[in-house]
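# A closer look at the structure
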Amino acid sequence: MSKAKSKQKGRTSPAARSANLRSYGSSASARPTVSAKWLLNAIAMALAGALFCAWGTLCFLFWQGNWQLLYHPTSAVTRTPASVNLPFDSVGFATNSAGDPQLRGWWLPSSTQARYTAIYLHGADGNLGDTVDALARLHASGLNIFGFDYRGYGQSRFVHPSEARWREDADSAISYLTGTRHIPVNAIILVGKDLGANLAIETAAAHPDLAGVVLEQPLASPTLAIFSDARAHLVPAHWLVSDRWQTSSAAGSILIPSLWFYWTAERSSELPQDKPEAYEKVPARKTLTWLTSAPNEQEQFRSALARWLDGLPAVAR
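Residues numbered from 1 in each chain as written. Predicted model: local features only at pLDDT ≥ 70, side-chain atom pairs only at ≥ 80, totals over all residues. Heavy atoms only, no water.

Here we take up the overall build of the protein. A tally of helices and strands in the protein yields 11 helices and 10 strands. Residue burial in the protein is summarised as follows: out of 317 residues, 41% are buried. Residue pairs at least 24 apart in sequence account for 72% of intrachain contacts in the protein once pairs closer than 6 positions are excluded. Here the protein has roughly 17,600 Å² of accessible surface; of this, 55% comes from carbon and sulfur atoms. (Helix = DSSP H or I, 4+ residues; strand = E, 2+ residues; numbered from the N terminus. Buried < 20%, exposed > 50% of the residue type's maximum accessible area, 1.4 Å probe, protein only. Contact = heavy atoms within 4.5 Å. Areas by Shrake-Rupley, 256 points an atom, 1.4 Å probe, with all protein chains shown as cover.)

Here it is, written out as C-alpha cells:
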C-alpha cells in the first residue's frame with residue numbers, strides 16, 4: 001500500500017502539467033528591460049571616457065611637440081665663412097661613447113695674436129650658416145671665434161632642442177676650447193644673440209671664471225611663445241613643459257663683466273629710459289649700449305665692443 005501511494009505522489013496530474021507549461025511559456029516570452037536612466041548614465045560614461053582619452057592624447061602630443069613653438073632649427077647649412085673670404089676649420093666635438101662627435105662647429109682664428117676667444121651662441125631659428133655675417137663682424141674686432149650648432153641644428157646630431165640640452169652644448173664648447181685647444185678659461189668670452197643671449201646669461205652665471213659675456217637683445221620672456229599658444233590653454237602646460245628660461249633670475253648670479261646690446265625700435269635721438277629687467281639684476285660690472293637703425297650701426301657695435309674689450313682684466317696665462 002505504501003509503495004502504491006508513493007508512486008501516486010510522484011506523478012503529476014495532466015492539469016498540473018498544463019499549468020506548468022503555460023507558466024514557462026509566459027516567462028520565456030517576457031523580455032528583459034533596461035531603464036532609460038541606466039542607458040543615459042552608460043552613454044555619459046562612455047562619452048566622458050572618450051573625452052578623457054582625447055584630452056590625454058592632446059597632453060601627450062603637446063608634451064612631445066611643444067619645443068617646436070620656440071625652437072625652429074634647420075639642417076641645411078647653405079653658407080660658410082668661406083663665402084666672406086674668412087679661413088676656418090670645421091670641427092666635431094663632444095664625442096659619445098662610440099667616438100662620434102655630437103656637435104659640429106667652426107673655428108675662425110684671428111689674423112693677429114688675439115687676447116680673447118669668443119664662443120658664439122646663435123638664436124633659436126636656422127643654424128650656424130645663418131650667422132656668417134655676425135661671425136665676420138666679431139672676427140673683425142680681433143677675436144678668435146668659435147661658433148657651433150646645438151644638437152638638432154645644422155650638422156650636429158639631431159635631437160629635439162631644449163633649454164637643458166642647450167646648456168649642456170654650451171658647456172661642451174667651453175670644454176672643447178679649454179681641453180682640446182688649451183685656451184685659458186679666463187680668455188674666453190660668450191657672445192649670444194636672441195635666445196642665444198639668454199643661454200649666454202645662464203652659462204655665464206654658472207662659469208664665473210670666464211672673461212666676460214656679450215649679449216645681443218636677449219628675449220624678455222622666451223617661453224611666452226609656448227604658453228601663449230592656443231593649445232597651451234587646453235592642457236596643464238606648465239607641467240608638460242620643462243623649459244623655463246628664467247633670465248632675470250640667472251642674471252642676478254652673473255659675476256663677470258657683461259656688455260648688453262639692444263636695438264631701438266625707431267630711428268630717434270632719444271634713447272629709452274627704462275633699462276631691461278635682466279640688466280638691472282646683474283651685480284657685476286655691466287655696460288648697456290643702445291644701437292639705432294642708422295647707416296653707422298655696424299660702427300656703433302664695433303666701437304662699443306672694442307671699448308668693452310679694452311676694459312677687461314689682463315689675461316693670466
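Moving on from the model shown.
A sheet is described by the order of its strands in space; here 8 strands give the open sequence E2-E3-E6-E4-E7-E8-E9-E10, paired in mixed fashion. Either end of the sheet is taken by a strand with one partner, and the two such strands are strand E2 (89-95) and strand E10 (286-291). Shown here is a sheet whose adjacent strand axes are inclined to one another by a mean of 20 degrees, direction ignored. Here 5 bridges tie strand E7 (residues 188-193) to strand E8 (residues 212-216), and the two strands are oriented parallel to one another. Looking at E8, one finds that lysine 193 is bridged to glutamate 216. (Pairing = 2+ DSSP bridges. Axes fitted to C-alpha atoms, helices over the stretch in contact; angles between N-to-C directions.)

Along the polypeptide, tyrosine 116 turns up in the loop between strand E3 (101-108) and strand E4 (117-121). Sequence separation of tyrosine 116 and asparagine 186 is 70 residues, and the distance between their C-alpha atoms is 8.5 Å. Look past the residues within four positions of tyrosine 116 in its chain and what remains in contact with it is Leu143, Asn144, Asn186, Ala187, Ile189, Ala211, Leu309, Leu312, Pro313 and Val315. In this structure the side chain of tyrosine 116 is engaged in a polar contact, spanning 2.9 Å, whose partner is the backbone oxygen of proline 313. (Polar contact = N/O pair within 3.5 Å; in protein donor to acceptor, adjacent residues only side chain to side chain.)

What follows covers the side chain of histidine 139. Assignment of secondary structure puts histidine 139 in helix H4 (residues 132-139). By relative accessible area, histidine 139 is classed as buried at 13%. Only 2.8 Å separates the side chain of histidine 139 from the backbone oxygen of proline 109, close enough to count as a polar contact. For histidine 139, the contacting residues outside a window of four places in its chain are Leu86, Leu108, Pro109, Ser110, Ser111 and Ile145.

To continue, consider H4. Where burial is concerned, most of H4 is hidden: 6 out of the 8 residues are buried. Elements that come into contact with the buried residues of H4 comprise E3, E4, strand E6 (144-149), E7, E8 and helix H11 (297-310).

For E7, the tally of buried residues reaches 5 of 6 residues, placing the bulk of the element in the interior. By the bridge criterion, 5 bridges tie E4 to E7 in an arrangement that is parallel. Across the sheet, alanine 118 pairs through a bridge with isoleucine 189, a residue of E7.

Core analysis: the largest hydrophobic core is formed by 55 residues, its most contacted members being Tyr71, Ile119, Phe146, Trp166 and Trp260. Not counting the four nearest positions on each side in its chain, tryptophan 166 is found in contact with Tyr71, His122, Gly123, Ala124, Tyr150, Tyr153, Pro161, Leu195, Gly196, Leu199 and Trp245. Counting residues in each nonpolar core, the second largest holds 26 residues, with Leu135, Ala211, Leu259 and Ala304 among its members. (Core = buried A, V, L, I, M, F, W, Y, C linked by side-chain atoms within 4.5 Å.)

Glancing now at a nonpolar patch on the surface. The grouping of Val34, Trp38, Leu39, Leu40, Ile43 and Leu47 at the surface amounts to a nonpolar patch, some 660 Å² of accessible area in total. Counting through the fold element by element, leucine 39 comes out in helix H3 (residues 36-65). We classify leucine 39 as partly exposed; its relative accessible area is 46%. (Patch = residues over 30% accessible without salt bridge, like charges linked within 9 Å, V, L, I, M, F, W, Y side chains within 5 Å. Salt bridge = Lys/Arg side-chain N within 4 Å of Asp/Glu carboxyl O.)

Tallied over the entire structure, the rule returns 7 salt bridges. Where glutamate 168 meets arginine 151, a salt bridge forms, and the shortest distance between an N and an O atom there is 2.7 Å. On the criterion of sequence distance, the pair formed by glutamate 168 in helix H5 (residues 163-179) and arginine 151 in the loop between E6 and H5 is long-range, its members being 17 residues apart. Owing to a relative accessible area of 42%, glutamate 168 belongs among the partly exposed residues under this scheme. Three or more residues joined by partner-sharing salt bridges are found here, namely Arg151, Glu168 and Asp169.

Okay, the packing of aromatic side chains next. Each aromatic ring pair is characterised by the separation of its centres together with the angle its planes make. For the coordinates displayed, the defined rule picks out 17 aromatic pairs. Each ring, one from phenylalanine 60 and one from tryptophan 63, has its centre 5.8 Å from the other, and the planes form 40 degrees; the classification is tilted. Placement of the pair is phenylalanine 60 and tryptophan 63 together in helix H3, with a separation of 3 residues, close to one helical turn. With relative accessibility at 44%, the residue phenylalanine 60 sits in the partly exposed group. Between tyrosine 150 and tryptophan 166 the ring centres are 3.9 Å apart and the planes differ by 20 degrees, which places this aromatic pair in the stacked class. With a gap of 16 residues between them, tyrosine 150 in the loop between E6 and H5 and tryptophan 166 in helix H5 connect regions that are remote in the sequence. Pair check on accessibility: tyrosine 150 and tryptophan 166 agree, each one buried. Cation over ring: arginine 137 sits above phenylalanine 301, and NZ or CZ is 3.8 Å from the ring centre. One cation-aromatic arrangement involves lysine 286 over tyrosine 279; the distance from NZ or CZ to the ring centre is 4.8 Å. (Phe/Tyr/Trp six-rings, centres within 6.5 Å; stacked < 30°, edge-to-face > 60°. Lys NZ or Arg CZ within 6 Å of the ring centre and 35° of its normal.)

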